Amino acid sequence: MTRNAADKAFTAAGLNRQDVSVVELHDCFATNELISYEALGLCPEGQGHLMVERGDNTYGGKYVVNPSGGLISKGHPLGATGLAQCAELCWQLRGMCGPRQVTNAQVALQHNIGLGGAVVVGLYRLGFPQYAAARNRMHHHHLSASPTAAAATAFRATSVFQELEKRLKEDGPNLVKKLKAVYVFKIKDGPGGQEGTWVVDTKNGSGSVRFGEGKGDCTITMKDNDFVDLMTGKLQGQQAFFQGKMKISGNMSLALKLRELQPSPNKSKL
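Residues numbered from 1 in each chain as written. Predicted model: local features only at pLDDT ≥ 70, side-chain atom pairs only at ≥ 80, totals over all residues. Heavy atoms only, no water.

1. Concerning the packing of aromatic side chains
Alright, step 1. Scanning the model with the defined rule gives 8 aromatic pairs in all.
Alright, step 2. On the numbers, 4.7 Å between centres and 10° between planes, the contact of Phe161 with Trp198 is stacked. Of the two residues, Phe161 sits in helix H7 (residues 157–179) while Trp198 sits in strand S6 (residues 196–202), which places them 37 residues apart along the sequence.
Alright, step 3. What makes Phe161 buried here is its relative accessible area of 3%.
Alright, step 4. Taking 4.9 Å as the distance between ring centres and 70° as the angle between the ring planes, the aromatic pair formed by Trp198 and Phe211 counts as edge-to-face. Within this pair, whereas Trp198 is found in strand S6, its partner Phe211 is found in strand S7 (residues 208–211), the two being separated by 13 residues in sequence.
Alright, step 5. For Trp198, a relative accessible area of 4% corresponds to the buried category.
Alright, step 6. According to the relative accessible area criterion, Phe211 is partly exposed, its value standing at 25%.
Alright, step 7. Pairwise contacts between aromatic rings join Phe155, Phe161, Tyr183, Phe185, Trp198, Phe211 and Phe227 into one cluster. (Phe/Tyr/Trp six-rings, centres within 6.5 Å; stacked < 30°, edge-to-face > 60°. Helix = DSSP H or I, 4+ residues; strand = E, 2+ residues; numbered from the N terminus. Buried < 20%, exposed > 50% of the residue type's maximum accessible area, 1.4 Å probe, protein only.)

2. A few points about the sheet that holds S7
Alright, step 1. On the basis of which strands lie adjacent, the open sheet formed by 5 strands has the order S7-S6-S5-S8-S9 and mixed pairing. With partners counted over all chains shown, the strands left at the sheet margins are S7 and strand S9 (246–250), one partner each. In this sheet, neighbouring strand axes are inclined to one another by 20° on average, regardless of whether the strands run parallel or antiparallel.
Alright, step 2. Those strands touched by H7 are strand S5 (181–188), S6 and S7, and its axis lies near 20° from that of S6.
Alright, step 3. Set on the sheet, helix H8 (residues 224–231) makes contact with S5, strand S8 (218–223) and S9; between it and S8 the angle comes to about 115°. (Pairing = 2+ DSSP bridges. Axes fitted to C-alpha atoms, helices over the stretch in contact; angles between N-to-C directions. Contact = heavy atoms within 4.5 Å.)

3. Points about empty space enclosed by the protein
Alright, step 1. Evaluated as defined, the whole model comprises 1 cavity of 30 Å³ or more.
Alright, step 2. Each pocket or cavity is described by its volume, and for the largest cavity that value is around 40 Å³.
Alright, step 3. Elements with a contribution of two residues or more to the lining of the largest cavity: helix H4 (70–73) and helix H5 (80–93).
Alright, step 4. Ranked by residue count, the leading element in the lining of the largest cavity is H5, at 3 residues.
Alright, step 5. Taken together, the residues of the lining of the largest cavity break down into 3 nonpolar, 4 polar and 2 charged. (1 Å grid on protein atoms, 1.4 Å probe; cavity = no way out; pocket = protein on both sides within 12 Å on 5 of 7 lines; lining within 4 Å. Points joined across faces, edges and corners; volume = space filled by probe spheres on them. Nonpolar A, V, L, I, M, F, W, Y, C, P; charged D, E, K, R; others polar.)

4. Description of the nonpolar core
Alright, step 1. Among the nonpolar cores identified, the biggest contains 30 residues, and Phe161, Tyr183, Phe185, Ile220 and Phe227 are the most heavily contacted of them.
Alright, step 2. Secondary-structure elements contributing two or more residues to this core are H7, S5, S6, S8, H8 and S9.
Alright, step 3. With 7 residues, the top contributor of residues to this core is H7.
Alright, step 4. Filtering out sequence-adjacent residues up to four positions away, Tyr183 remains in contact with Trp198, Val199, Val200, Thr202, Cys218, Ile220, Leu254, Lys257, Leu258 and Leu261. (Core = buried A, V, L, I, M, F, W, Y, C linked by side-chain atoms within 4.5 Å.)

Everything listed here is a matter of geometry and, on its own, says nothing about what the molecule does.
See the structure below:
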């Protein structure tokens, strides 16, 4: 079943197995990965173990198989499996996978099996490779470069937002009364060149701080180090703006109230 689907996919795409550099396959069990090597035609029948011994299933070999970690690493989520494979292969072709990136990935293979005797084999090819470098510069902050909440702790700006969170717990209602705004802070040039977004809500309830995308009344974009300097008083807001270190969109007048969010020198540990 898998062999037939793979043969049809390669014929329809006008490609062959040698064109493939990265594979996401259905490793519901470890043994199924070996069987799938052979079924997909990545190696001759009965030689899946030799493919592993040669290292042809990992970085530096003929193919890189399941760089995402495969189904097993994700708990084999029914339904989400195929979408996860699709996302990983698209990111690989776009060069957005950071440490697990497959070098010069041009063609990718997806293999998924469903209950009741269903199989899907798909081939992905990088489109417009001449624009790949520009696309990577534009998108490297998406997903692969967008940190998780855990990874956000590596940003210097995180300490500022932690201090701000403490202030909201202590005096949130007064800050909300003064500011009446939702700020979105887009922090650039974090660890590994990553970008992170924090939403500071000083408009609702007692206020809140959260890491992640969101909409606000005023959006401020700064580099990690510049933002810390601004919020600790080492860099003046007007100076940052005219030097191009701070970009503001939305209600610009709200940016004038940023000093209300600056951590108190007497209480802050920054």
